[in-house]
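# Per-entry structural report
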Amino acid sequence: KAGVTQTPRYLIKTRGQQVTLSCSPISGHRSVSWYQQTPGQGLQFLFEYFSETQRNKGNFPGRFSGRQFSNSRSEMNVSTLELGDSALYLCASSQLQGSEQYFGPGTRLTVT
Amino acid sequence: GDSVTQMEGPVTLSEEAFLTINCTYTATGYPSLFWYVQYPGEGLQLLLKATKADDKGSNKGFEATYRKETTSFHLEKGSVQVSDSAVYFCALSDSIRNTGFQKLVFGTGTRLLVSP
């Protein structure tokens, strides 16, 4: 069974731009979570989607948003990029909301 | 809120040495505990987990025991290899009220460097 895939793997953007990252969960998994990893703040929970609805949200500004499609694929969007948004963004999927989470390889975003 | 504290790195060992990475947690409920490993340029891989007190998780020679009395989940391996060089994250699952979702709360990570 294929694992969690994330595209693109690397991205360079300029301050003020917006970006969309994509995550394809493991087949049959319905819950998708997003985490941000930075050297300063470590790994922090962004949000979780289940059945096309955002069910849980971490402590991030409204510039961070996402959505989930009927096939459980998820996208996250960051608008008006800031230098501090440079990070590795990790997506995790699980079969159900309380199930074990499996992580993708991440998208490394660099904001210049 | 819930939190995880793990030892600062890097931990530098010679091949075949014994490894311990300390992890303690603070939680109001009864979380599950995890160790994840991250190799350079990659995402997180679940190494092992324990879901209740006194459970021992094990995988690939790594072990950790859920100690409720000391709120600890220390990672151990009897004989490390060069290929074990990576960053290790201790984590707990924080159940969010009124949803089935369990948010993962991570420690800061401990880098392990194993030399031949």
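Just so you know, these numbers come straight off a predicted model, no measurement behind them.

### Examining the sheet that holds strand 8 (residues 74-78) of chain A
Residue and element names in this part refer to chain A.
- Reading across the sheet, the four strands line up as 1-3-8-7 and stay open at both edges, with antiparallel pairing between neighbours. Only two strands of the sheet have a single partner each, and these edge strands are strand 1 (5-7) and strand 7 (64-68). Geometrically, the sheet is characterised by an average inter-axis angle of 20° between neighbouring strands, direction not taken into account.
- Taken together, the five bridges between strand 7 and strand 8 define a ladder with antiparallel strand orientation. Its bridge partner lying in strand 8, Phe64 is registered against Val78.

### Describing unusual backbone geometry
- The peptide bond linking A:Thr7 to A:Pro8 adopts the cis configuration, its omega dihedral lying at -10°.
- Structurally, the position occupied by A:Pro8 is in the loop between strand 1 and strand 2 (10-13).
- Here the bond from B:Gly9 into B:Pro10 is cis, since omega is 0°, no more than 30 degrees from zero.
- Tracing the chain through its elements places B:Pro10 in the loop between strand 1 (3-6) and strand 2 (11-14).
- In the Ramachandran plot, A:Ser51 falls in the positive-phi region, its phi being about 50° despite a non-glycine side chain.

### Quick notes on the interface of chain A and chain B
- Contact with chain A, which involves 19 residues of that partner, is made by 17 residues of chain B.
- For the pairing of chain A and chain B, the buried interface totals around 1500 Å² over both sides, and the portion due to carbon and sulfur atoms is 58%.
- Of all residues in chain A, A:Leu43, A:Glu100 and A:Phe103 bury the most surface against chain B, accounting for 32% of the area lost on that side.
- Counting the contacts that link chain A with chain B gives five residue pairs in polar contact (both at pLDDT 80 or more).
- When residues of the side of chain A that touches chain B are traced back to their parent elements, those giving at least two are strand 4 (31-38), strand 5 (42-50), strand 6 (53-57) and strand 9 (87-94) of chain A.
- The element contributing the most residues to the side of chain A that touches chain B is strand 4 of chain A, with four residues.
- Grouping the amino acids of the side of chain A that touches chain B by side-chain chemistry returns seven nonpolar, eight polar and four charged.

### With respect to the pairing of strand 2 of chain B
All names here are of chain B.
- Side chains Val11 and Leu13 project from strand 2 onto a buried face, and the interleaved Thr12 and Ser14 project onto a face without burial.
- Here strand 2 pairs with strand 12 (residues 110-115) via four bridges, running parallel. Each residue of the ladder has a partner; that of Leu13, found in strand 12, is Val114.

### What about the pattern of salt bridges?
- Summed over all chains, the structure comprises eight salt bridges over all chains.
- For A:Glu75, the salt bridge identified is with A:Arg73, shortest N-O distance 3.3 Å.
- Two residues, B:Lys56 and B:Glu63, come together in a salt bridge whose shortest N-O distance is 3.6 Å.
- In this structure B:Lys56 comes out as exposed when scored by relative accessible area, which is 51%.
- Taking relative accessible area as the criterion, B:Glu63 reaches 34% and is therefore assigned partly exposed.
- Three or more residues joined by partner-sharing salt bridges are found here, namely A:Arg63, A:Glu82 and A:Asp85.

### Notes on the side chain of A:Ser74
All names here are of chain A.
- Mapped onto the secondary structure, Ser74 falls in strand 8.
- At 3.0 Å, the side chain of Ser74 forms a polar contact with the side chain of Trp34.
- For Ser74, the contacting residues outside a window of four places in its chain are Leu21, Ser22, Cys23, Val32, Trp34, Tyr49, Arg67 and Gln68.

Each value, and the rule that gives it
- Residues numbered from 1 in each chain as written.
- Chains lettered and ligands numbered in written order.
- Predicted model: local features only at pLDDT ≥ 70, side-chain atom pairs only at ≥ 80, totals over all residues.
- Heavy atoms only, no water.
- Pairing = 2+ DSSP bridges.
- Helix = DSSP H or I, 4+ residues; strand = E, 2+ residues; numbered from the N terminus.
- Axes fitted to C-alpha atoms, helices over the stretch in contact; angles between N-to-C directions.
- Contact = heavy atoms within 4.5 Å.
- Buried area = accessible area lost by both parts, 1.4 Å probe.
- Polar contact = N/O pair within 3.5 Å; in protein donor to acceptor, adjacent residues only side chain to side chain.
- Nonpolar A, V, L, I, M, F, W, Y, C, P; charged D, E, K, R; others polar.
- Buried < 20%, exposed > 50% of the residue type's maximum accessible area, 1.4 Å probe, protein only.
- Salt bridge = Lys/Arg side-chain N within 4 Å of Asp/Glu carboxyl O.

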